[in-house]
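An overview of the molecular structure
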Amino acid sequence: MNRLIIPLLVALLTGGAASFGQSEPAVESDDSSRPVALPGSAPVTAERIIHADKEPGNWLTHGRTYSEQRFSPLKQINDQNVGDLGLAWHYDFGTKRGLEATPLVIDGVMYVTGNWSVVHAVDAKNGRPLWQFDPEVDPAWAPHLCCDVVNRGVAAWGDKIYVGTLDGRLIALNMATGQKVWEVLTIDQEWPYSITGAPRVANGKVFIGNGGAELGVRGYVTAYDAETGKQVWRFYTIPGDPSKPFESPAMERAAKTWSGKWWTMGGGGTAWDSLVYDPELNLLYIGVGNGGPWNQEIRSAGDGDNLFLSSIVAVNADTGEYVWHYQTTPGDTWDYTATQTLILAELSIGDKQRKVIMQAPKNGFFYVLDRETGELLSAEPYVGVTWATHVDMTTGRPVERPGTRYYEEGLPSFQTPFAFGGHDWPPMSYSPETGLAYIPAMEVPMTYFPDRFFEFEPGYYNLGAVLIDAPPALQDKANLDKFIKTVLELEKDLTPENLQQVYGILTKLEDPAKSITVEDLMQVQALMRKLVRARLIAWDPVQQKEVWRAERVDVWNGGTLATAGNLVFQGTGSAEFSAYAADTGKQLWTSASAQTGIIAGPVTYTVDGEQYVAVLAGWGGAGPLALGQMANLSGTNSWRRGNLNRILVFKLGGEDVLPPLPPLKPVPEERPQMPKVAADVVRKGEAIFTKRCAVCHGEQALSGGATPDLRHLDLEKYELGQWYGIVIGGTAAHKGMPNFSTLFGVEEAEAIRAYVIKRTNDEPAAARAMAGGKMP
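Just so it is clear, the structure is predicted and the values come from calculations on it, not from any experiment.

Parameters and conventions
- Residues numbered from 1 in each chain as written.
- Predicted model: local features only at pLDDT ≥ 70, side-chain atom pairs only at ≥ 80, totals over all residues.
- Heavy atoms only, no water.
- Phe/Tyr/Trp six-rings, centres within 6.5 Å; stacked < 30°, edge-to-face > 60°.
- Helix = DSSP H or I, 4+ residues; strand = E, 2+ residues; numbered from the N terminus.
- Buried < 20%, exposed > 50% of the residue type's maximum accessible area, 1.4 Å probe, protein only.
- Lys NZ or Arg CZ within 6 Å of the ring centre and 35° of its normal.
- pLDDT = per-residue confidence, 0-100.
- Contact = heavy atoms within 4.5 Å.
- Axes fitted to C-alpha atoms, helices over the stretch in contact; angles between N-to-C directions.
- Parallel < 35°, antiparallel > 145°, perpendicular 65-115°, else oblique.
- Nonpolar A, V, L, I, M, F, W, Y, C, P; charged D, E, K, R; others polar.
- Salt bridge = Lys/Arg side-chain N within 4 Å of Asp/Glu carboxyl O.
- Left-handed = near helix turned anticlockwise from the far one by under 90°.
- Patch = residues over 30% accessible without salt bridge, like charges linked within 9 Å, V, L, I, M, F, W, Y side chains within 5 Å.
- Areas by Shrake-Rupley, 256 points an atom, 1.4 Å probe, with all protein chains shown as cover.
- Lys, Arg positive; Asp, Glu negative; His and termini not counted.
- Charge placed at Lys NZ, Arg CZ, Asp CG, Glu CD.
- Core = buried A, V, L, I, M, F, W, Y, C linked by side-chain atoms within 4.5 Å.

Right, let's get into the packing of aromatic side chains. For the structure on display, the rule yields 35 aromatic pairs. Pairing F235 with F308 gives two aromatic rings, centres 6.4 Å apart and planes at 40°, and the pair type is tilted. Of this pair, F235 sits in strand β15 (residues 231-236) while F308 sits in the loop between α4 (296-300) and β20 (311-316), and the two are 73 residues apart along the sequence. With relative accessibility at 3%, the residue F235 sits in the buried group. One aromatic cluster in this structure is built from Y326, W334, Y336, F365, Y367 and W387. Directly above the aromatic system of W425 lies the positively charged group of R152, at a separation of 5.4 Å from the ring centroid. Looking at R218, its charged tip hangs above the ring of Y236, at a distance of 3.9 Å from the centre.

Here you go:
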């Protein structure tokens, strides 16, 4: 989403076992001794989860244990034999969007979610389907989703499986049959809430949050009775209308840190991912998200800390009563959420053994807190950070650099991390054996600028910030000099000449008489991989320093798993699944091609004494939607091959083979004719596209693969009748495409069409050929 230079750089580059799933008929397993429903599973209880290490072959809860360390004691697969790992089986979902779920594996059955909150139960030994539950989410709800039709998994308690749905329901299913036991609506569907996170369960209660901060909602977490679905308590993460009674003393206190009329725009603070239960202290820790709108000047008159945005909040798990909080980013105005993985551990810090909670949130600092009191123990940057110099250990607050609050001076603020953070939702893990946390990290700059024409529109993206394009911004020498200075602070191996040279290539886009060559593309790609970087980081939370790193080609990569076999597993956007030595970072094994990008977190388990490692493969989520092709610099083009959604399961000596990839979908050679409209119509279309369409179809209409690339449509789709039908007629609503007729009419739809056609015709021939697989 960096519109200062990154997207235009990318624009130049657009250039043996059984298989089961929805996409093919059920196949009888060759293991007839295993019953279809695998009955007889013991109820999932607090005792089982608390003592999960007594049954390490299961993965009972989202992070395996209540600590959510994502560490497994299993070591049958280890650093000495991992090279013999092979695919044991795979399961086809028959879908084509992002897969983010962490599977549960309980007594030989894997429970996992796919697109549209559909739950699948499969035999964990061979992938044989057992049952499937489709909550039948209306695709028309898709416009209320931040970041794809994804779900991060289920929870288990007693004899039930629990799933939160995209349209805000919490559903309990019979574990053996998949039949619905109860269902409760957790939201007011008059508001654009959604649920993508996995529920958590403790003490007979199911905890669930929600998403939708940018769309105009107020965040909260609710506890429901696991047996009946009756609401037990609700904790709001930010205050509502102060003219009405506050729901709790915590909300009354929080309201004093807000200004303006935030409640008329929702205010945000949604808890859309990390919830962690501490059985020792009976606390539920809530990771709270960003403000809505992002721009604090619009949301809260540029004033106050805006509690409890971007905070870790501890509440009593039985009552929902506030206990303590720590705010990572006071007065957030950059989408620096604190919803990322929360991990509980015991660390020796100084001369004391401390019960801690750890997080690497978006803002770039790695935090270690005392989880009993919320006391800050340490905070150091784990990626390049330019928005703040450090965290003051006396006040616990970040010390911001001048000019980073872009609304104060009205000038662009070029900074890192970007809005997706140094670390987003892909889960990090922690090994108590190495004492290291394993972070799927990103280091990408972004330019923020205030939206001077902002108008709040409920149900649609409301950022209050724009992220301006490169040529107009950089034609001002002061902006160009500032950009170069900032980049060079981060990238020590670059020179001003490098950047000036690339800027010279970029300006060719402004002159149709000049052509972009393959050599230009390769040159920009080399620089791109210096500016836009991602890596797997092994971080020492006691010494607060990086121990080792593994560089990544793509920005958007999967979560991590650590095991007692001295291994760390991670999938990547470049369709690889790899294992590293947990202590040294040496790469020990890789599965060369998962055939699509991997963004989910892996798990490991045993069946009949044999260890397996499983991960979901499915390219999508926020990165491929909004970042365009910056999200996939490796050029795997998995989306043009169908983005095959699968569970991939590995074991020692596995001999399964994936079917051959389908061919690349060809890019139409003929381009649509540019309509005869004034230049200001195209500019209007660009403005509408940026605000309404880019979040799903990519910056500057550069698709990252989760949705169609609008520059590569069949010619008839650009015809006025079909175009109007799709944009303002609802003809594609069944696929999740919004019907924008409530926001604009034919004039605006035509402006968007003119802009998209211009982008189609602007695409360099070399890049278009590469996109269609015609050039290396």
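Residues of the protein with pLDDT of at least 70 account for 83%, and the chain-wide mean is 87. Counting contacts from residues 468-475, a segment whose pLDDT is below 50, to residues more than four positions away or on other chains yields 26 contacts.

Okay, the packing of helix α11 (residues 679-697) against helix α13 (residues 746-762) next. When two helices pack together, their arrangement is given by the angle between the helix axes and by the axis-to-axis distance. As a packed pair, α11 and α13 sit with axes 7 Å apart at the nearest point and diverge in direction by 95°. Considering their axes alone, α11 and α13 lie roughly perpendicular with respect to each other. Residues V681, V682, K684, G685, E686, I688, F689 and C693 of α11 touch α13, and the partners they reach there are E747, E748, A751, I752, A754, Y755, V756 and K758. Classifying every residue of the contact of α11 with α13 gives ten nonpolar, one polar and five charged.

So, on to the pattern of salt bridges. Taken as a whole, this structure holds 39 salt bridges when the rule is applied. Across the pair E375 and R354 runs a salt bridge, and its minimum N-O distance is 2.9 Å. With E375 in the loop between β24 (365-370) and β25 (376-381) and R354 in strand β23 (residues 352-359), this pair connects stretches of sequence that are 21 residues apart. Taking relative accessible area as the criterion, E375 reaches 41% and is therefore assigned partly exposed. A salt bridge links E551 to R535, with the shortest nitrogen-to-oxygen separation between them at 3.4 Å. Here E551 is found in strand β34 (residues 545-552), whereas its partner R535 is found in strand β33 (residues 533-540), with 16 residues between them in sequence. By relative accessible area, which is 4% here, R535 ends up buried. Here the salt bridges share partners, and the residues they tie into one network are E443, R533, R535, E546, R549 and E551.

Turning our attention to the side chain of T196. Among the secondary structure elements, T196 is positioned in the loop between β11 (180-185) and β12 (200-202). Apart from the residues lying within four places of it in its own chain, the contact partners of T196 are V150, N151, R152, L166 and W272.

Relative orientation of the contacting elements helix α12 (residues 720-728) and α13 amounts to 110°, with a least axis distance of 10 Å. By the angle between their axes, α12 is roughly perpendicular relative to α13. You can see that α12 and α13 cross each other, and the crossing is right-handed. Facing α12, whose interface residues are L720, W723, Y724, V727 and I728, α13 presents V746, A749, E750, I752, R753 and V756.

Looking now at a positive patch on the surface. Together, K96, K665, K717 and K735 give the surface a local cluster of positive charge. Note on placement: K735 falls in the loop between α12 and α13. Look at K735 and you get exposed, because its relative accessible area is 59%.

Counting residues in each nonpolar core, the largest one holds 93 residues, and the members touching the most others are M110, L284, F569 and Y605. Looking at which element gives the most residues to this core, the answer is strand β40 (residues 610-617), with six residues. In this structure L284 touches F207, V221, W233, L275, V276, Y277, V313, A314, V315 and A317, once residues within four positions along its chain are discounted. Core analysis: the second largest hydrophobic core is formed by 48 residues, Y285, L376, F420 and I599 among them.

On to unusual backbone geometry. Geometrically, the link from L307 to F308 is a cis peptide bond, its omega value of 5° lying close to zero. Here T416 and P417 are connected by a cis peptide whose omega angle stands at 0°. The topology assignment puts P417 in the loop between β28 (413-415) and β29 (429-431). Phi angles above zero are rare outside glycine, and D148 is one such case at about 90°. Its location among the elements puts D148 in the loop between β7 (129-133) and β8 (155-157). In this structure, Q595 is a non-glycine residue whose phi angle is positive, near 75°. Here Q595 is to be found in the loop between β38 (587-591) and β39 (603-607).

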